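If you want the building blocks of each chain, they are given just below.
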Amino acid sequence: MNFRPRPKDEPEINLIPFIDVLLVILIFLMLTTTYSKFTELQLTLPVADAEQQRDRPREIIVAVAADGRYAVNKTAVDGKSVDAVAAALAQAANAQAAGAGRDSVLVISADATAPHQAVISVMEAARRVGLSQITFATQPSAAAR
C-alpha cells in the first residue's frame, strides 16, 4: 500500500472562456440597444417637390381644415362624423360621369395641422363608399415658407 500523500493539484481558474462569454454578451447588448429618443421627434408635414399633375375629371377632392371640418369638391360637409363624410363622398361619386364613380381617385388635401383622426375618418368614409384609389395632396416646399 502506498501511504505517501499525493501532491494536490492546485485549482486553476481558466479566464479565457469567461472573457469570451462576456464579449459575446457585450456585442449582443450593443447590437440590440436602440438609441432613438421618441420625445425628440419633430415632424413638419406635408411638403413635397413634385411636378404639377393635370386636372383629372375623375377626382374627388376632400379638403380637411385645421379644426377638422371637411369639404368635398369645395362643398362643405355638415358634421364631422364618418357617416356625414361617407354620404358626401357617395353623392360626389354618383355625380361623376356614368361608370366613373367607383373608379374615381380620392384626393385628400389636409391642412398640415389637421388632426390625424380627421384624415383617418376620410379614409374610413372612402372605404365605406367603395373608393379604393386614395392619394394625398401636398404643396411644393417653396410655397411652405
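Everything numeric in this text was worked out from a predicted model, so none of it was measured.

Chemist: Please clarify how the pattern of salt bridges should be interpreted in this entry.
Modeler: It is possible for side chains bearing opposite charge to pair when their charged atoms get close. Across all of its chains, the model carries four salt bridges by this definition. A salt bridge links Asp67 to Arg69; the nearest nitrogen and oxygen atoms lie 2.8 Å apart. Here the salt bridges do not stand alone but share partners, grouping Asp83, Glu124, Arg127 and Arg128 into one network.

Chemist: Just to check I follow, could you spell out the sheet that holds strand β3 (residues 75–76) for this structure?
Modeler: The strands making up a sheet are joined through hydrogen bonds of the backbone, oriented either antiparallel or parallel. What the five strands build is an open sheet, ordered β3-β2-β1-β4-β5; its pairing is mixed. Strands at the two margins of the open sheet, each flanked by one partner only, are β3 and β5 (133–136). Pairing of strand β1 (residues 59–64) with strand β4 (residues 105–110), which is carried by six bridges, proceeds in the parallel orientation. In the sheet register, Glu59 faces β4, and the bridge partner there is Val105. Each of β1, β2 (70–72), β4 and β5 is contacted by helix α3 (residues 116–129), which is oriented at about 165 degrees to β4, the strand it contacts most.

Chemist: Before we go on, may I ask you to explain a nonpolar patch on the surface in this structure?
Modeler: Together, Ile13, Leu15, Phe18, Ile19, Val21, Leu22, Leu23, Ile25, Leu26, Phe28, Leu29 and Met30 make up an exposed nonpolar region whose accessible area comes to about 1,200 Å². For Val21, the location among the structural elements is in helix α1 (residues 15–32). The exposure class assigned to Val21 is partly exposed, which follows from its relative accessible area of 47%.

Chemist: I would appreciate a short explanation of the pairing of β5 in the present structure.
Modeler: For a regular strand, the rule is simple: side chains alternate between the two faces of the sheet. As judged from the four bridges shared by β4 and β5, these two strands associate in the parallel manner. When the sheet's bridge partners are listed, Ile108 is paired in β5 with Phe136. Each parallel crossover has a hand, and the one from β4 via α3 to β5 is right-handed.

Chemist: Sorry if this is basic, but what is going on with the environment of Pro115 here?
Modeler: Tracing the backbone shows Pro115 in the loop between β4 and α3. If sequence neighbours within four positions are ignored, Pro115 has contacts with Ala65, Ala66 and Gly68.

Chemist: Could you clarify how one ought to interpret the packing of helix α2 (residues 82–95) against α3 in this entry?
Modeler: The relative placement of two packed helices comes down to the angle between their axes together with the axis-to-axis distance. Viewed as axis vectors pointing N to C, α2 and α3 meet at an angle of 55 degrees, and their least axial separation amounts to 8 Å. Between α2 and α3, the angle is such that the two are oblique. Like other packed secondary-structure pairs, α2 and α3 cross with a definite hand, here right-handed. On α3, the residues that touch Val82, Asp83, Val85, Ala86, Leu89 and Ala90 of α2 are Ser121, Val122, Glu124, Ala125, Ala126, Arg128 and Val129. The class makeup of the residues in the contact of α2 with α3 is nine nonpolar, one polar and three charged.

Chemist: I'm lost on the nonpolar core in this one. Help?
Modeler: Generally speaking, soluble globular proteins have nonpolar side chains that are buried together. In this structure, Ile60, Val64, Val72, Leu89, Leu106 and Val122 are the most contacted members of the largest nonpolar core, which totals 24 residues. Put simply, the parts of the chain that give this core at least two residues each are β1, β2, α2, β4 and α3. When residues no more than four places from it in sequence are discounted, the contact partners of Val122 are Val62, Val64, Tyr70, Val85, Leu89, Leu106 and Ile108.

Calculation notes
- Position numbers for residues count from 1 along each chain, tracking the sequence in the order it is written.
- With the structure being a predicted model, the display of local features is reserved for residues of pLDDT at least 70 and the display and counting of side-chain atom pairs for 80 or more, all residues being used for whole-chain, interface and lining totals.
- By convention in this description, side-chain values take in all heavy atoms of the structure and omit both hydrogens and water.
- Salt bridges are defined by distance alone: a side-chain nitrogen of Lys or Arg within 4 Å of a carboxyl oxygen of Asp or Glu.
- Following DSSP output, two strands are said to pair if at least two bridges run between them.
- Numbering of helices and strands runs from the N terminus; a helix is a DSSP stretch of H or I covering at least four residues, while a strand is a stretch of E covering at least two.
- Note on contacts: a residue pair qualifies if any of its non-hydrogen atoms lie within 4.5 Å across the two residues.
- Orientation is described by axes fitted as lines to C-alpha atoms, over the contacting stretch for helices, and by angles from 0 to 180 degrees between their N-to-C directions.
- The residues that make up patches have over 30% relative accessible area and no salt bridge, and they are joined within 9 Å when like-charged or within 5 Å when they are Val, Leu, Ile, Met, Phe, Trp or Tyr.
- Only the protein chains shown count as covering a residue, and every accessible area follows the Shrake-Rupley method with a 1.4 Å probe.
- Per-residue accessibility, obtained with a 1.4 Å probe over protein chains only, is compared with the maximum for each type, and a residue is labelled buried under 20%, exposed over 50%, and partly exposed between these values.
- Classification remark: right-handed applies to a crossover when, strands pointing away from the viewer, the course from the first strand over the helix to the second runs clockwise.
- Working definition: roughly parallel below 35 degrees, roughly antiparallel above 145 degrees, roughly perpendicular at 65 to 115 degrees, and oblique for all remaining angles.
- When the near helix sits turned anticlockwise from the far one by under a right angle, the crossing is termed left-handed; a clockwise turn instead gives a right-handed crossing.
- Polar here means any residue other than Ala, Val, Leu, Ile, Met, Phe, Trp, Tyr, Cys and Pro, which are nonpolar, and Asp, Glu, Lys and Arg, which are charged; Gly is therefore polar.
- The set of buried Ala, Val, Leu, Ile, Met, Phe, Trp, Tyr and Cys residues whose side-chain atoms join them within 4.5 Å is what this entry labels a nonpolar core.

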